Amino acid sequence: MKGAASPGVVLGEWPEMAEQASAIRFKVFVDEQGVPADMELDEFDAASCHALAVIGAQAVGTGRLLPDGHIGRMAVLEPWRGTGVGAALLGALVAEARRRGMRVVALNAQTHAQGFYSRFGFVPTGPQFEEAGLPHQAMEMNLAE
Ligand SMILES: CC(C)(COP(=O)(O)OP(=O)(O)OC[C@H]1O[C@@H](n2cnc3c(N)ncnc32)[C@H](O)[C@@H]1OP(=O)(O)O)[C@@H](O)C(=O)NCCC(=O)NCCS
């Protein structure tokens, strides 16, 4: 199934999002990408705004916005990739950053996903680096323009 999906995106705090968001993150980052399980949840979850993309009754993707303007933990379940779910999540998180008056949003992109973020206007900053055993590129987008 690779038609266009039209997910609803809901934003919320960690206590109400934790169960569904962590299930997606463990499936994508730990099971699929081999990120160590003890690195997946961190102290930033409690302080972040979380997004869940929902199709029908199923949560199929997630991401988070930290109070310092960093977006992270963007994950879409494999069967729904390439159908617009990631775009809907990123759009909702950037809109929330604007609503909060943030002037810049930043993220550490896995290098394979750099093109995804570039489409939204994120630009690379600095050299590539390794995090959780995977190559990353810092990127940011100016919201003040
Ligand atoms: C990266 C990820 C979140 C993208 O989500 P997605 O739902 O597949 O993306 P979408 O279908 O919304 O794609 C939006 C646009 O970006 C493009 N795109 C998606 N992934 C891309 C990639 N890896 N490189 C370049 N372009 C990409 C799509 O073709 C689409 O372009 P279009 O608007 O011209 O049709 C998803 O692939 C994912 O969860 N991957 C595994 C986890 C991961 O690596 N997360 C990133 C951590 S930084």
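Above this text sits the structure in question.
Visitor: Honestly, the overall build of the protein in this entry has me stumped. Any pointers?
Guide: What the protein contains, in helices and strands, is four helices and eight strands. The linear arrangement of helices and strands in the protein, starting from the amino end, is β-α-α-β-β-β-α-β-α-β-β-β. In terms of C-alpha radius of gyration, the protein reaches 14 Å, essentially the compact-globule figure of 15 Å for 145 residues. Counting all 145 residues of the protein, 28% fall into the buried class. When contacts within the protein are restricted to residue pairs at least 6 apart in sequence, those whose partners lie at least 24 apart make up 61%.

Visitor: Please explain the pairing of strand β3 (residues 58-65) as it appears in this structure.
Guide: Among the eight residues in β3, six count as buried, and that is most of the element. As consecutive antiparallel partners, strand β2 (residues 49-55) and β3 are separated by two residues, and within that stretch G56 has a phi angle of approximately 60 degrees, a positive value. Linkage of β3 to strand β4 (residues 71-76), two consecutive antiparallel strands, is achieved through a turn of five residues, within which G69 is found at a positive phi near 90 degrees.

Visitor: I tried to follow the environment of G101 on my own but got confused; where do I start?
Guide: Within the element layout of this structure, G101 appears in the loop between α3 (85-99) and β5 (104-110). Assessed through the 8 C-beta atoms surrounding it within 10 Å, G101 is described here as exposed. In this structure, the C-alpha to C-alpha distance between G101 and A144, residues 43 residues apart in sequence, is 9.0 Å.

Visitor: What exactly am I supposed to notice about the site of the ligand here?
Guide: Neighbouring the ligand are 18 residues, the closest being R81, G86, A87, G115 and F116. Elements supplying a minimum of two residues to the shell around the ligand: β4, α3, β5 and α4 (114-118).

Visitor: Help me out: how do you make sense of unusual backbone geometry in this one?
Guide: Both trends apply: most residues other than glycine have a negative phi, and most peptide bonds are in trans. The backbone phi angle of R73 is positive, close to 55 degrees, even though this residue is not glycine. The backbone of A132 shows a phi angle near 55 degrees, a positive value even though the residue is not glycine. Within the element layout of this structure, A132 appears in the loop between β7 (129-131) and β8 (134-142).

Visitor: Sorry if this is basic, but what is going on with helix α1 (residues 14-32) here?
Guide: For an α-helix, 3.6 residues make a turn, and residues three or four places apart therefore share a direction. The end-to-end C-alpha distance of α1, which contains 19 residues, comes to just 23 Å, noticeably less than the 27 Å that a straight helix rising 1.5 Å per residue would cover. Of all the bends in α1, the greatest measures close to 40 degrees and is centred on Q20. Those residues of α1 that sit buried are M17, A21, I24, R25, V28 and F29. For α1, the secondary structure elements touched by its buried residues are β1 (8-12), α2 (37-40), β2, β3 and β4. Among the residues trailing α1, G34 stands out with phi positive, at a value near 80 degrees.

Visitor: Can you help me understand the nonpolar core in this one?
Guide: As a rule of thumb, soluble globular proteins bury nonpolar side chains together. With 29 residues, the main nonpolar core has A51, A53, L89 and L93 as its most contacted residues. Listing elements by their share of this core, those giving two or more residues are α1, β2, β3, β4, α3 and β5. A total of seven residues in this core trace back to one element, the largest contributor, which is α3. Residues contacting L89, with those up to four places away along its chain left out, are V9, A51, A53, G61, G63 and M74.

Visitor: Whenever I open this one, the sheet that holds β3 confuses me. Can you help?
Guide: Reading across the sheet, the four strands line up as β1-β2-β3-β4 and stay open at both edges, with antiparallel pairing between neighbours. Each of the sheet's edge strands pairs with one partner strand only, and the pair in question is β1 and β4. Going across the sheet, the axis of each strand differs from the next one's by a mean of 20 degrees, ignoring polarity. Inspection of the sheet shows β3 paired to β4 by four bridges, in the antiparallel sense. Looking at β4, one finds that R64 is bridged to G72.

Rules of the game
- Residues numbered from 1 in each chain as written.
- Predicted model: local features only at pLDDT ≥ 70, side-chain atom pairs only at ≥ 80, totals over all residues.
- Helix = DSSP H or I, 4+ residues; strand = E, 2+ residues; numbered from the N terminus.
- Rg over C-alpha atoms; globule rule 2.2 N^0.38 Å.
- Buried ≥ 20, exposed ≤ 12 C-beta atoms within 10 Å, placed from the backbone.
- Contact = placed C-beta atoms within 7 Å.
- Pairing = 2+ DSSP bridges.
- Near = placed C-beta within 6 Å.
- Expected span 1.5 Å × (residues − 1).
- Bend = angle between axes of the 7 residues up to and from the residue.
- Core = buried A, V, L, I, M, F, W, Y, C linked by C-beta atoms within 7 Å.
- Axes fitted to C-alpha atoms, helices over the stretch in contact; angles between N-to-C directions.

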